[in-house]
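Residue strings, one per chain:
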Amino acid sequence: MSFFHLLLSMFLLISLLTLQTVCGNAELRALMDLKFSLDPEGKILTSWISDGNPCSGSFEGIACNDHWKVANISLQGKGLSGSLSPVVAELKCLSGLYLHYNNLSGEIPSQISNLTELVDLYLDVNSLSGTIPPEFGNMASLQVLQLGDNQLVGNIPTQIGLLKQLTTLALQHNKLNGQIPLSLGNLEKLRRLNLSFNNFSGTIPATLANAAHLEVLDIQNNFLSGIVPSALKRLGEGFQGANNQGLCGVGLSTLRACNQYPDLNVSNIDTSDQDHFKNNNLATPRPEPANIPVHCNQTHCSKSRFPQSVITTASAIIITLVFIGAGLFTFVKYRRRKQKISSNYSEGKLSPQQPKDFYRKSPSTLVNLDYYNGCYPLPDDQKAGGLANEYLNKFRFNVDEVESATQYLSEANLLCKSKFSAMYKGVLRDGSFVAIRSINMTCCKAEEAEFAKGLSLLTSLRHENVVKLRGFCCSSSRGECYLIYDFATMGDLSQYLDMEDRSGHLLDWSKRVSIIKGIAKGIGYLHSNEASKPTIVHQNISVENVLLDKEFNPLIMDAGLPKLLAEDVVFSALKVSAAMGYLAPEYITTGRFTEKSDIYAFGVIVLQVLSGKTAIGGSIRTAFESLRFDDCIDTNLNGRYSSSEAMMLTKLGVQCVHESPDERPNMVNVIQELSVFPAHSK
């Protein structure tokens, strides 16, 4: 055999070994075992197949890191009815495990503690039983531990106090008992602690009062007693302690006043578990981890399973192949970067059965995210074009609020879905209804400064005919950005078109005129150049993007949204606009959007509203141009419309869809023409 063939053979051998190590056949086997435990009937995780690639984007709810290792499992609200298998511990690079809002049963496997890179653990709203594994204290990276709304029993392990990165501990609505461990006061980064609706007894540890970052302490509906440490008054409404008959406090609205007001200190409290945390070490030996070797760090997650002789032989030619490998790596990385966006929007990837199809982007295991304040990191003021972060902070939501509002982004609340986002109906804690758009962060602008500018623009838009953006939250660990809008109770305008009979809600003539006028005012506001905002070209005005409130006032949706999105995503959305006839003809030659392209789309909407039809074909358009109202005005109106108004609106609509942009009016002229309509049409 020639040297060349020998070299080639060895290269193929090493490539095979590397491929097996990187692609992780062991992880695939672990996922298949996990599938059978989570979904024993095999009705939900049908995309998890034994000969598939978990990192290809085809496995529902699976995201991988840059080393082709499973980093996230996001299966919240999927109706899973099995149990959580210890085999999950074999996914050693897992940083996020989201299995909440299912119907999982059985005990929580202690082997999860071997997931030393786990940041988020969400097992709440299930039917899990047993105790909280004390081995959880080994997970040094854990930031969020959500075990609420289950059937857990026993005490809170004192080892939980070793989780120095923990920001959120939620154990509400279980059957836990015993005392609140002193060790929880060691959680330096703890922000939210929810122990409500359990059977805890004893006093509140004074160590908790010293937790500098604590914002929420919910201990209501337990059997706690004694005096609440006065330092907890700083929490204000963040402290909830009602329905603890033996508990009293000073200046706390949810508690009865105490007869005496001495400050509680450590000497007033049971210190039975304090010895466990001298020098931050357990007094008792830590349980040995399961027989699953863990060799993970923050930059590499793989362990060779091949004999030493093979590794030695392979090493002999590593230097020879290093340049070839480097070249291939560079090429593959370049190709992956080029294909990143397009692969996310390939045809056939989305289906009505999968409301959450946005796990293509592999979240980094290096993310250090406070989940409850986990918004997209914004640049400093200068890079953001003078925008102060304090301004945007007023509009920040947290992921907990988003999930609570939408029941964990459940299918039941899914309103609509496109190739780059999904829209959910939600109810905030104050009872107000909202619409929450979920966007994959790979679809957003890569430059943080540009993204921040786009957010500031969206939050600044205020007009009676433009949907109000209440706020946003972008989670790096989820790889998603959420935009929270006011909810329009009557749906979008497309629902009132193409009505073959009157079984639906028929828009009478005055409503149609009012809707057209309102859309014009909204576009006029976007096109105006005011001190508070620049001129905005919408680029995607359609009946689907016109919402109606309870008074049937029109609200333009997605104004300014292209300022947030990557160019590839904006371009992809044009296919829909073109197919529906909203795309101005000059765009094909110029490739640019202008105010006149918005005017063209507005003209299409005018003709749609008058005709009651989504598709404005050649015959209908000819009828409009010839003013043959019997052939173009919605027949469901049965002639109940103003001929003079119909003539004015028809001429206006036809003028707006003129092929030449110079022949179209601007929105100021449109609004002036519509102002002559009588007051009852407003």
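Colleague: In this structure, what is going on with the overall build of the chain? I would like to understand it.
Modeller: Secondary structure assignment for the chain yields 16 helices and 24 strands. Put simply, 60% of the contacts in the chain that link residues at least 6 apart link residues at least 24 apart.

Colleague: Any chance you could explain the sheet that holds strand β20 (residues 433-440) here in plain terms?
Modeller: The pairing of strands in a sheet happens through backbone hydrogen bonds and is either parallel or antiparallel. In spatial order, the strands read β18-β19-β20-β22-β21; together these 5 strands make up an open sheet with antiparallel pairing. Looking at the sheet topology across the chains shown, the edges are occupied by β18 (414-417) and β21 (469-475). In this sheet, adjacent strand axes meet at a mean angle of 20° when their direction is disregarded. By the bridge criterion, 3 bridges tie β18 to strand β19 (residues 421-427) in an arrangement that is antiparallel. The residue bridging C416 from the neighbouring strand is M423, located in β19.

Colleague: Can you help me understand the nonpolar core in this one?
Modeller: A general trend in soluble globular proteins is that nonpolar side chains are found buried together. Counting residues in hydrophobic clusters, the biggest one holds 67 residues, and the most contacted among them are I73, L99, I112, L121, F136 and F239. For this core, the secondary-structure elements that each account for two or more residues are α2 (25-38), β1 (62-64), β2 (70-74) and α3 (206-209). With 6 residues, the single largest contributor to this core is α2. Filtering out sequence-adjacent residues up to four positions away, I73 remains in contact with L31, L34, G61, I62, L91, L94, G96, L97, Y98 and L99. Ranked by size, the runner-up nonpolar core spans 45 residues in total, among them V513, I541, I556 and L610.

Colleague: Would you mind showing me how to read the sheet that holds strand β12 (residues 199-202) here?
Modeller: Taken in spatial order, the 6 strands line up as β8-β10-β12-β14-β16-β17 in an open sheet, and their pairing is parallel. Two strands bound the open sheet, and with one partner strand each, they are β8 (153-154) and β17 (256-257). Relative to strand β10 (residues 175-179), β8 is paired through 2 bridges, and the arrangement is parallel. Directly across from V153, in β10, lies its bridge partner K175.

Colleague: Whenever I open this one, the packing of helix α12 (residues 595-611) against helix α13 (residues 618-625) confuses me. Can you help?
Modeller: The angle between the axes and the distance between the axes are what describe a pair of packed helices. Contact pair α12 / α13: the axes reach a minimum separation of 12 Å and the direction vectors enclose 90°. Classified by the interaxial angle, the pair formed by α12 and α13 is roughly perpendicular. Here Y600, L607, L610 and S611 of α12 come into contact with α13, specifically with I620, R621 and F624.

Colleague: Any chance you could explain the state of the cysteines here in plain terms?
Modeller: Counted under the stated rule, the structure contains 3 disulfides. Bridging C474 to C481, the disulfide has an S-S length of 1.9 Å. For the pair C474 and C481, one class covers both residues: buried.

Colleague: When you look at the side chain of S456 in this model, what are you seeing that I'm missing?
Modeller: Residue placement: S456 occurs in helix α8 (residues 448-460). A residue is classified by how much of its surface remains accessible, and S456, at 16% relative accessible area, is buried.

Colleague: Please explain the pattern of salt bridges as it appears in this structure.
Modeller: Under the criterion given, the structure shown has 11 salt bridges. The closest approach of N and O atoms between K43 and E41, which form a salt bridge, is 3.3 Å. A residue is classified by how much of its surface remains accessible, and K43, at 65% relative accessible area, is exposed. Between D634 and R512 there is a salt bridge, with its nearest N and O atoms 2.9 Å apart. Taken together, the positions of D634 in the loop between α14 (629-632) and α15 (643-656) and R512 in helix α9 (residues 509-527) put the pair 122 residues apart, joining distant regions of the chain. Each member of the pair, D634 as well as R512, is classed as buried.

Colleague: Just to check I follow, could you spell out the confidence of the model for the chain for this structure?
Modeller: Low-pLDDT stretches of the model should not have their predicted coordinates read in fine detail. On average, residues of the chain carry a pLDDT of 77, and 75% of them reach 70 or more. The low-confidence segment residues 260-300, where pLDDT is below 50, has 73 contacts with residues more than four positions distant or belonging to other chains. Counting interchain partners and residues more than four positions distant, the pLDDT-below-50 stretch residues 329-388 has 147 contacts.

Colleague: Quick question: what am I supposed to make of the side chain of D124 here?
Modeller: Here D124 lies in the loop between β5 (120-122) and β6 (127-129). There is a polar contact of 3.0 Å between the side chain of D124 and the side chain of Y408. Excluding residues that lie within four positions of it along the chain, D124 makes contacts with H100, Y101, Q146, L147, G148, N150 and Y408.

Colleague: Just to check I follow, could you spell out the packing of aromatic side chains for this structure?
Modeller: Pairs of aromatic rings are described using the distance from one ring centre to the other and the angle between the two planes. A full pass over the atoms with the stated rule returns 7 aromatic pairs. Ring centres 5.5 Å apart and planes at 40° place the aromatic pair Y98 and Y122 in the tilted group. With a gap of 24 residues between them, Y98 in strand β3 (residues 96-98) and Y122 in strand β5 connect regions that are remote in the sequence. Pair check on accessibility: Y98 and Y122 agree, each one buried. Between W509 and Y641, the aromatic rings sit 5.5 Å apart at their centres with planes inclined by 45°, giving tilted as the arrangement. Residue W509 is located in helix α9, and its partner Y641 is located in the loop between α14 and α15; the two are separated by 132 residues in the primary sequence. A relative accessible area of 8% means that W509 is categorised as buried. Directly above the aromatic system of F552 lies the positively charged group of K511, at a separation of 5.2 Å from the ring centroid. The positively charged end of K533 is found above the aromatic ring belonging to Y525, 5.0 Å away from the centroid.

Colleague: So what exactly am I meant to see when it comes to α13 here?
Modeller: In an α-helix, one turn spans 3.6 residues; hence positions three or four apart end up facing the same way. Within α13, burial applies to I620, A623 and F624. Angular distribution of buried residues about the axis of α13 spans 100°; they occupy a single face of the element. Turned more than 90 degrees off the buried face of α13, the exposed positions are G618 and S619. Buried residues belonging to α13 abut α12, α14 and α15. Residue L627 follows α13 closely and has a positive phi angle near 60°.

About the criteria used
Residues numbered from 1 in each chain as written. Predicted model: local features only at pLDDT ≥ 70, side-chain atom pairs only at ≥ 80, totals over all residues. Heavy atoms only, no water. Helix = DSSP H or I, 4+ residues; strand = E, 2+ residues; numbered from the N terminus. Contact = heavy atoms within 4.5 Å. Pairing = 2+ DSSP bridges. Axes fitted to C-alpha atoms, helices over the stretch in contact; angles between N-to-C directions. Core = buried A, V, L, I, M, F, W, Y, C linked by side-chain atoms within 4.5 Å. Buried < 20%, exposed > 50% of the residue type's maximum accessible area, 1.4 Å probe, protein only. Parallel < 35°, antiparallel > 145°, perpendicular 65-115°, else oblique. Disulfide = S-S within 2.5 Å. Salt bridge = Lys/Arg side-chain N within 4 Å of Asp/Glu carboxyl O. pLDDT = per-residue confidence, 0-100. Polar contact = N/O pair within 3.5 Å; in protein donor to acceptor, adjacent residues only side chain to side chain. Phe/Tyr/Trp six-rings, centres within 6.5 Å; stacked < 30°, edge-to-face > 60°. Lys NZ or Arg CZ within 6 Å of the ring centre and 35° of its normal. Arc of directions from axis to C-beta.

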